[in-house]
Amino acid sequence: MARNDLQGSLDLLVLKTLSQRNKLHGYGIVAHIQRASDELLQVEEGSIYPALHRMEQSGWISSDWALTETGRKAKYYRLTTSGAKQLQAAEESFEQLVKGVRAMLRYA
Amino acid sequence: MDREIDAELSSHIDMRIEENLAAGMNADEARRDALVRFGNRTAAKERVTGMDSALMLDKIWADIRFALRQLRKNPGFAFTAIVVLTLGIGASVAIFAFVDAALIKPLPYKDPTRLVSVYETVPSCPLCNISYQNYLDWRRSDLPFSSLQAWTWESFLINTPQGTELARGARVSDGFFRLLGVTPILGRDFYAREDAPGAPHTVLLRYGAWQERFGGNRGVVGQTITMNNTSYTIIGVLPEGFHFAPIGESDFWATLNDPNACDKMRGCHGMFGLARLKDGVSLQSAIASLKTEASELARQYPDSNHDYSATATTLTDAVMGDIRPVLLVLLSGVFLLLLIACVNVSGLLLVRSESRKHETAVRAALGATPGRLFRQFLIEALMLVAMGSGLGLGFASVAMKLLIKLVPSRRIDGMPFLLTVGLNSHVLAFAAAVSLLAVAVFAITPAARTGRGNLRGDLTEGGRGTAANTWRKLGAKLIVLELATAVVLLVGAGLLGKSFYLLLHGNLGMQSEHLAIVMVNPPKTYADGDKSMVLERLIISKIGSLPGVQSVGVTSNRPVRAWDGGVPIVVPGRPTNGRRNDIPERLVSAGYLSTVGARLLHGRYFTEAEDDGDKPSLFVVNQTFAKKFFPGENPVGKHVSYEGANTQIEIVGEVEDIKEGQLDSPNQPVIYAPFNRWQFLLFNLVVRTRQNEESILPTLAAAIHEMDPAIATSDGTTMTSLITDSTAVYLHESSAWLVGGFAGIALVLSVVGLYGVIAYSVSQRTREIGVRMALGAERGSVYTLVLKEAGKLTAIGIVTGLVCSIAASMLMRSMLFGTQAWDVPTLAAVSVVLALFAMLASYIPARRAASVNPVEALRAE
């Protein structure tokens, strides 16, 4: 399976994930994206962390250390109010992008 | 932070490995797969680190806001800590600024470390003036100096519309300013050989003189000015801020091209020497060369030079010699004060950390790493120190300005570096260093306590047990340290104060109240024949007849000044073995010794008729002279003579020693000779008056100007002022006051600290006291309990302090006068004072302990 470059849309996917699943650690976010996209989207797992920290700095997500079910310490992330707003905006601009590309491709 | 990121990334990989293992891979495969899927871990970590740095600043800002909130919630603690820090840091910065300006900053000349001050020496005067003729020979010889110059003071009489004015000036050799690396900002420096006899009279202006006397007019170069009845051409203006400390303030700088009578005599020493060492030459080898040259001259000119040697010191030593020990004592004192301030604040922080131990324990239990907690303490310490430093710097600059205002202006002339005292880079660096040290101490103190405390004990309310005890012990040690330091400062202040008192109230050999002194400068027209004697007699009789004047005298040198070399005297019956016998000589009028209130031990004073240039000379000697040369005998009737002269001079009287030299210098033998025997123009008029001696000074000046307006008067003062303004007295007084100030603050801080420790200990033991009282203990025994604890701390503190203070006072020996370093009355007084205050401070918590209601104490948790 080809690896799709998700650079631009990674933020969108993470935010969406956290809106669907209340609290999740980095590993869980990666797993969720793969599952929810029917394995179409493969995230290079290491690359999610810079994104997560950047988004935390922007105030879209907040972090907390806690214990997983198996008793391991992990850093959990959750969506903030401004993160929810950002999600909406990102979704809209993604829709626009897709519409625009489709229109271009159909042009005779 | 770094570890956090690592932990997060590792936990991700571990979770993948777990899943892989659960899916059936073996350990190796699971691991490899996890790593591959993860991608470049290092790169990921680096990018995350970059993101997080910004986040960190956010967290730090949150910590700062939290710390400020905490301080606001505890205003008592914050206020006390900040005030103590302000005092401690402010005082040490202020004193350091003086030390920097005086001792650390180099002199404002080119290559100042290579500059030396050159002296001639005799046994009675180890660093003495040089003679012009010797200086000329030195210049011709092969000394290891790239330049050798000479300088001396000169008074210039200027005719102004208001009358004859006396201006301070100096005469220097031709290369003087080039030696120092100073160039005039206007006009030119002296040419080479412009100081040879017969060269034209030229003069350089001090910048301030140019502004005040000539209005800063740039056309002043080339103008002439008449001084001392001679026409001088102004050739230039010196830079603003130029000063040469040994000369002090000097408006006019002329050359030596007009040698006076003293300059022409090889045996007359009226100059000072200044030289620059050649590259690679050490001071020691220069001194050796000087000594060789001096003994060569002594061989060539045995009459004037025998037994004269020469030496040199660095110019820095010459300028700073007096003040260095004082500044070092002040610096040590202020460091001790800073120590007490820091210990005090540490104690406060410890108490606070005690009361916050619950909060800290909860945070630790919730997962705050020790690093996180330490960062919190660090930021709190930073806040405190930042405010303390900021206010301290403000306090320091105010203190510096105040201290300088308190220095009399004449003294500043001799210590011009005082004008450069300010918050410069050195001082700010010092303040930063002190602040950092304080931050370190204040951050570590509560952190150390947290480290050693046990979590469970802290979490439970009212936790008793080992944690409280270790703190009590630490607090007690801190208090002992504070008390000991306070003792050292108090003893130091006490010894300095005692030295100052003894200095001022020592036997001066005269009745110094109600004496007015003024310097009289007749112009050179009186240097002819016996005109000077006639003038002196006229002045004495005219002043003597003024209302309010009891008696009048005249002297060549004011008392309480530095000793000079003196004149060589031969005492018959005491072989000199070729060594010279220099005795300080004072030329006085017949009425001088009785005017100053000297005590006549034997014989009589000479009369006015005997004070005549044509009559044979007579001497009055002081007690030290009699003891040295005629031990056990009455010197009256004996004869001595000047070296090289045949005339025998009769001693007609012996007086008790008068303090002709600085108050803290030992008495020297002195001879008093009649003033008119030598034709000196300049003299000091000394007047005893029934009325206020300060108010008679203008009358004296007016009377003299009435006689001849060309005579200038200057330096009018009272004998009392002369004494209190003299160098020795001034230095002792200043250091006593300043160290006394430090000691006072130290006393307050340490006593308050002791109160804090005892009060806290009492509050910790409330339950215990309640139990005791419930079991039947008397109130009295509670008092004893508390006071015993306080007494033990105080006793240990005082004893330690006494031991340390003896050691410290030994180091300070050179500043003490008339008292030993282990002066028992001072040590006893300090111990008693401190013990009294300490007992008072412990009494209050003791009372509170004794008034504890046992029921309430047992009920409260």
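Calculation criteria
Residues numbered from 1 in each chain as written. Chains lettered and ligands numbered in written order. Predicted model: local features only at pLDDT ≥ 70, side-chain atom pairs only at ≥ 80, totals over all residues. Helix = DSSP H or I, 4+ residues; strand = E, 2+ residues; numbered from the N terminus. Rg over C-alpha atoms; globule rule 2.2 N^0.38 Å. Buried ≥ 20, exposed ≤ 12 C-beta atoms within 10 Å, placed from the backbone. Domains from an automatic or database assignment. Contact = placed C-beta atoms within 7 Å. Nonpolar A, V, L, I, M, F, W, Y, C, P; charged D, E, K, R; others polar. Pairing = 2+ DSSP bridges.

Q: Is there a simple way to explain the overall build of chain B in this structure?
A: Within chain B, the secondary structure is distributed over 28 helices and 23 strands. The C-alpha atoms of chain B give a radius of gyration of 37 Å, which is well past the 29 Å a tight globule of 861 residues would have. When the 861 residues of chain B are sorted by exposure, 40% land in the buried category.

Q: Looking at this structure, how should I read the environment of B:His306?
A: All names here are of chain B. Here His-306 is to be found in the loop between helix 10 (302-305) and strand 11 (309-314). Judged by the 17 C-beta atoms lying within 10 Å of it, His-306 is partly exposed. The spacing of His-306 and Gly-390 is 84 residues in sequence and 62 Å in space, taken between C-alpha atoms.

Q: Please clarify how the domain arrangement of chain B should be interpreted in this entry.
A: How big an interface is tends to be reported as the loss of accessible area on association of its parts. Residues and elements named next belong to chain B. Here chain B is described as being made up of domain 1 (2-59), domain 2 (124-306), domain 3 (323-505 + 728-859) and domain 4 (523-710). If you average the C-alpha positions of domain 2 and of domain 3, the two centres end up 53 Å apart. Across the boundary between the two partners, domain 2 contributes 4 residues, which contact 4 residues of domain 3. Along the lines of polarity and charge, the residues of the side of domain 2 that touches domain 3 split into 1 nonpolar, 2 polar and 1 charged.

Q: What am I meant to see in the interface of chain A and chain B here?
A: Each side of the interface is counted separately: chain A has 17 residues, and chain B has 21 residues. Taken together, the elements giving at least two residues each to the side of chain A that touches chain B come down to helix 2 (26-36), helix 3 (48-58) and strand 3 (73-79) of chain A. Here the side of chain A that touches chain B is composed, by residue class, of 5 nonpolar, 5 polar and 7 charged.

Q: Teacher, can you tell me more about the pairing of strand 3 (residues 145-160) of chain B here?
A: Sheet faces and side chains relate simply in a regular strand, where the side chains alternate between the two faces. All names here are of chain B. As defined by bridge partners, strand 3 adjoins strand 10 (residues 272-277) across 6 bridges and the pair is classed as antiparallel. Counted as the bridge partner of Leu-148 is Ala-275 from strand 10. Bridge count for strand 3 against strand 4 (residues 163-172) is 10 bridges, and the pairing is antiparallel. Its bridge partner being in strand 4, Glu-154 is matched across the sheet by Gly-169.

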